[in-house]
Amino acid sequence: MPALAAHSRSGFAACSGCSLCLLVCPVWRKTRDLRYTPHGRAKALQHGVPVAELKNSVESCTLCGACEPACPEIIDLVGMVLSLRRQLTAPAAVTMNDTNGKTANYAGQRVLLATPALRETVVALERTAKLLDCVVAEDNGADIALALEAGTPIANARRERFLTPLFSAKKIIAGDGLLARQLKDWLPLIEITSPGIALSKCSELRRHLRSDDLYVIEPRAFHANYDELVLYYDDLRHATGCAMNLDLQRIAIPATARNLRQRLGVEAEDNAAQTRWLLQGRKIARIVVEDAGDIAAFRQVVDMPVVHLAELANE
Amino acid sequence: MDTVPSFTPGHCPVGPDSLTQIKRLQTNPARWNGANWNDFAAALRAAGVELLESLAACGAFATDAGGTAYGMPHGVVIAKSAQQISALLKTAQQHCVPVTVRGGGLTTEGESVAFGGVLLDMTGMSRVKSIDKNAMTVRTECGIFWHSLAEELRRDGFDYLSAPLNLTSTVGGSLNVGGIDVNSPRLGCSADQAVALQVVTPTGEIVECSETENAALFQRAILGYGQFCVIAEATLKIRRYTPIRMHYFYYSSLRTAVEDLQLLDRNDASDYSGILTIMDSAVNLLVAFDSVERETAFNAKWRAQLRGHGELGFALRALPRYALRPWKLPEALYLWRRKQQLFPEFRRPEYVRDGLMQDRTVVFSRAVWKYWGSRQMVIPDIATSVEKFVNAVERGNAVCRKYFPHYTLYCVGIKLRDDHQPHYEMSCIPPDATGWAYGCEFEPMMDRVYSRDHLQSFKNEIYDIGVDIGASYYRFGGMMKGYIRRALGDAVVDRHLAMKRKADPNMILNRDVIF
Ligand code: SF4
Ligand code: SF4
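Residues numbered from 1 in each chain as written. Chains lettered and ligands numbered in written order. Predicted model: local features only at pLDDT ≥ 70, side-chain atom pairs only at ≥ 80, totals over all residues. Heavy atoms only, no water.

Draft legend 1. Representation of the site of ligand 1. Residue and element names in this part refer to chain A. Around ligand 1 lies a shell formed by Cys25, Pro26, Val27, Pro38, Arg41, Cys61, Thr62, Leu63, Cys64, Gly65 and Cys67. Put simply, the parts of the chain that give the shell around ligand 1 at least two residues each are helix 2 (26-31) and helix 3 (38-46). Here the residues of the shell around ligand 1 are counted per class, giving 8 nonpolar, 2 polar and 1 charged. (Near = heavy atom within 4 Å. Helix = DSSP H or I, 4+ residues; strand = E, 2+ residues; numbered from the N terminus. Nonpolar A, V, L, I, M, F, W, Y, C, P; charged D, E, K, R; others polar.)

In structure tokens form, the structure reads like this:
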């Protein structure tokens, strides 16, 4: 399985079966079934189980990335799922953006690739752009992000049309953690960050964080760059006194648990148990999210203000 | 080996290759032959129990943390409820199918490996049922990882009392074998924290038990190595959470460090204590406190009596020792490299702030998996009375030196409860221990590949010390079960075997672990 090895920090063969990945995995929390965990997948592959038999497990992963900082064998667990998905047929096709619009030019600019959820949260989008002094890209690559997630092919022409305007950008602020991860490969010379991390550095926003806030870190970007960010967020937590969606290992607890089928819209979302677990026992008065995609999940289970981080600038 | 007590061959139904004067080999059990499996599988499914037979399901459980015992179950059942376990055990009794119970799989001698039959994965039952803030107890399903329990308790400002310093130990696993924390010198082993249990007997009865209700079963369930029941739920004592204040003292003598450890424990001078070493060259006595008051009292009364040094003082003393022995320079370099790896790990600012360690298990377990863990682990140990401990540690250390260039010792005491004596019988608690028992784990660093024979001989030599001095072992089951009879004697083993036969007529439950 050379595709796996190519993406590996370590490959599945390194899995010792320690089960540490279970402790942080939202799918484990939901199923309590080892087969739906990195441990289960790695062990199955070690025993020569055909990839097709792992389809349900591979599709169940939310790609939150929490298992990677937990894994002592430093296995590329997200890369492993992505690679397996590329070998399987996706549960639904991804509609690619094939329109040939005017080519933008972002030379020397900061560019925001807003997620669909952030685009819909208009106030948050405007404030994010203003606070980060960036332009909002017309082509946000949402279809590419979804294709990466589903493991479906991305035509070269589409990839080039998406990347060409970004080649000369000064900085890219990518809302989708998976897309950001891929962009680091595609555009290694450009600084790439997430809106959450960039916004959280704005003193104008930080001073509005309160000790009765729950600050919800976007897990994909955080876990992809865990070693650098863990202390950063811990300092932010101590400086502001707010609670965070960090567990005792300082790994982020995702607010949602969207599997591939749910991301592709072939299955209804079912985040309530995960969101409730995140909130359990916390004495908070407001929820501040980095990812606009979390807002709806919180509003479904709790009756308190839920705001996007950028919206704090208004206060 | 002439000091080993004589033994009468012929009476022992276990591990004949581990008897005195016979060359010891690994006692990896033979695989169960699968008789009646299809009938059993059909009956189990008819009883509404999901049985997984795929390679993906079975392969995940082929070995344990030790990575030296391999066995493939015929099928896996993921625990869901006491009723489901009951149906499984009843059907297994009828068809004489062995059932091996697994928690976190952190055994090293194959105790949680199914050599055929059913593997019951208890982690499927890992939900907290309720927290009683008045009684200061939690009721939980027993497949839960202690760390997951801590995550839940911490949301309410509580913590468990004591648990192994490993994030993936389960509550059920620890109740069965003991469970030792660095606060065990004060609070006892994890198994001592259980107030009440819901268990499923080998014949499928679901029974509540405690010191006052079905007490005999409770006594056999706790520290019972899974022989007399499957523990489904437990009520455990809890306490208010506190971060801890750590102090480290460094020694170059194992004996001195052990004596100081015992001094602290005897005088209740600290809340946490234990020894962690790099060979016998850098011996670290860790001492910690839940409160400023306890720390202040320690500083005032006991600190000056400890013979260990701070990091700098130790380094200054070590320098001339190595300067005068240039042939020991590789060891000095190893110590230096190890220090550079480990010290930052134990002080990571996201876990240790303002001198307070937020969660000891996170810090220790992450470090252990990162810097000690490997795909093969052997961790033989000896558990003794207070008086025998220094001798056991020194002799075990000599064995480590003989077999490995690099290794670690981990020593900790366990406060014993007089009223729990019946639980301790035929367990890791040695029969002659009073007040405290002490355990030492001898863990070689697998920084090169060792043959299984090398590892096995090493384990045998450590365990032989236990037999010689009259000790017990934390890990005495699985591939090392031949030692149980040698160390603890026929009378107690036969009594337990008779009880086991009565409780489990077809010897289906964890049959390869002890007897
Ligand atoms: S990426 Fe998230 S959902 Fe997927 S296995 Fe890792 S922790 Fe579980
Ligand atoms: S944490 Fe890593 S090594 Fe451990 S079981 Fe999970 S994937 Fe395997």
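Draft legend 2. Structural context of the interface of chain A and chain B. Contacts between the two partners involve 44 residues from chain A, matched on the other side by 39 residues from chain B. Interface of chain A and chain B: buried area, both sides summed, is about 3,600 Å²; carbon and sulfur atoms make up 56% of it. Our count for the contact surface shared by chain A and chain B stands at 3 salt bridges. Summed over the shared surface of chain A and chain B, the result is 15 residue pairs in polar contact (both at pLDDT 80 or more). Contributions of two or more residues to the side of chain A that touches chain B are made by helix 2, helix 3, helix 5 (67-70), helix 15 (226-240) and helix 17 (272-279) of chain A. (Contact = heavy atoms within 4.5 Å. Buried area = accessible area lost by both parts, 1.4 Å probe. Salt bridge = Lys/Arg side-chain N within 4 Å of Asp/Glu carboxyl O. Polar contact = N/O pair within 3.5 Å; in protein donor to acceptor, adjacent residues only side chain to side chain.)

Draft legend 3. Inspection of the pairing of strand 7 (residues 194-200) of chain B at higher detail. All names here are of chain B. In terms of residue burial, strand 7 counts as a mostly covered element, since 6 of its 7 residues are buried. Across 6 bridges, the pairing between strand 7 and strand 9 (residues 230-240) is antiparallel. For Ala194, the partnering residue across the bridge sits in strand 9 and is Leu236. Here 5 bridges tie strand 7 to strand 8 (residues 206-210), and the two strands are oriented antiparallel to one another. What sits directly across from Val200, in strand 8, is Ile206. Hairpin geometry of strand 7 and strand 8 is characterised by an intervening segment of 5 residues between the two adjacent antiparallel strands and by a positive phi of about 95 degrees at Gly204. (Buried < 20%, exposed > 50% of the residue type's maximum accessible area, 1.4 Å probe, protein only. Pairing = 2+ DSSP bridges.)

Draft legend 4. Spotlight on the packing of helix 3 of chain A against helix 6 (residues 77-87) of chain A. Residues and elements named next belong to chain A. Two numbers describe how helix 3 lies on helix 6: the axes approach to 11 Å, and their chain directions differ by 60 degrees. Taken together, helix 3 and helix 6 sit at an angle that is classed as oblique. Read as a crossing pair, helix 3 and helix 6 show a hand that is left-handed. Residues Pro38, Arg41, Ala42 and Leu45 of helix 3 touch helix 6, and the partners they reach there are Leu77, Met80, Val81 and Leu84. Split by residue class, the contact of helix 3 with helix 6 holds 7 nonpolar, no polar and 1 charged. (Axes fitted to C-alpha atoms, helices over the stretch in contact; angles between N-to-C directions. Parallel < 35°, antiparallel > 145°, perpendicular 65-115°, else oblique. Left-handed = near helix turned anticlockwise from the far one by under 90°.)

Draft legend 5. Representation of the site of ligand 2 within the structure. Lining the immediate surroundings of ligand 2 are A:Cys15, A:Ser16, A:Gly17, A:Cys18, A:Ser19, A:Cys21, A:His39, A:Cys71, A:Pro72, A:Glu73 and A:Leu77. Looking at the shell around ligand 2 residue by residue, the classes come out as 6 nonpolar, 4 polar and 1 charged.

Draft legend 6. The packing of aromatic side chains, seen in detail. Inspection of the entire model under this criterion finds 22 aromatic pairs over all chains. Seen in terms of ring centroids, B:Phe346 and B:Phe364 are 5.0 Å apart; in terms of plane orientation they differ by 70 degrees. Their pairing is edge-to-face. Of this pair, B:Phe346 sits in helix 11 (residues 329-346) while B:Phe364 sits in helix 12 (residues 360-371), and the two are 18 residues apart along the sequence. Through pairs of rings, three or more aromatic residues link up here, namely A:Tyr215, A:Phe222, A:Tyr226, A:Tyr232 and A:Tyr233. We note B:Arg155 situated over the ring of A:Trp277; from NZ or CZ to the ring centre the distance is 4.0 Å. Here the guanidinium or amino end of B:Arg338 rests over the ring plane of B:Trp372, the centre of that ring lying 4.8 Å away. (Phe/Tyr/Trp six-rings, centres within 6.5 Å; stacked < 30°, edge-to-face > 60°. Lys NZ or Arg CZ within 6 Å of the ring centre and 35° of its normal.)

Draft legend 7. Focus on the domain arrangement of chain B. All names here are of chain B. When its domains are assigned, chain B resolves into domain 1 (37-120), domain 2 (124-240) and domain 3 (245-480). Between the C-alpha centres of domain 1 and domain 3 there is a distance of 35 Å. Taken together, the contact between domain 1 and domain 3 spans 9 residues of the former and 14 residues of the latter. Carbon and sulfur atoms make up 52% of the area that domain 1 and domain 3 hide from each other, which totals about 970 Å². (Domains from an automatic or database assignment.)

Draft legend 8. The sheet that holds strand 3 (residues 118-121) of chain B, seen in detail. All names here are of chain B. As summarised here, the arrangement of the 3 strands in space is 1-3-2, forming an open sheet in which the pairing is parallel. For this open sheet the edge positions go to strand 1 (75-78) and strand 2 (99-102), each flanked by a neighbour on one side alone. Strand after strand, the sheet turns through a mean of 25 degrees between neighbouring axes, direction not considered. Pairing of strand 2 with strand 3, which is carried by 4 bridges, proceeds in the parallel orientation. By the bridge assignment for strand 3, Val99 is matched with Val118.

Draft legend 9. Here's a closer look at the pattern of salt bridges. Overall, the coordinates contain 59 salt bridges over all chains when judged by the stated rule. Between A:Arg29 and B:Glu152 there is a salt bridge whose closest N-O contact spans 3.9 Å. With A:Arg29 in helix 2 and B:Glu152 in helix 4 (residues 146-155), the pair connects residues from two separate chains. For A:Arg29, a relative accessible area of 23% corresponds to the partly exposed category. Looking at B:Glu152, the relative accessible area reads 13%, which means it is buried. We note a salt bridge from B:Glu259 to B:Arg255, for which the minimum N-O separation is 3.9 Å.

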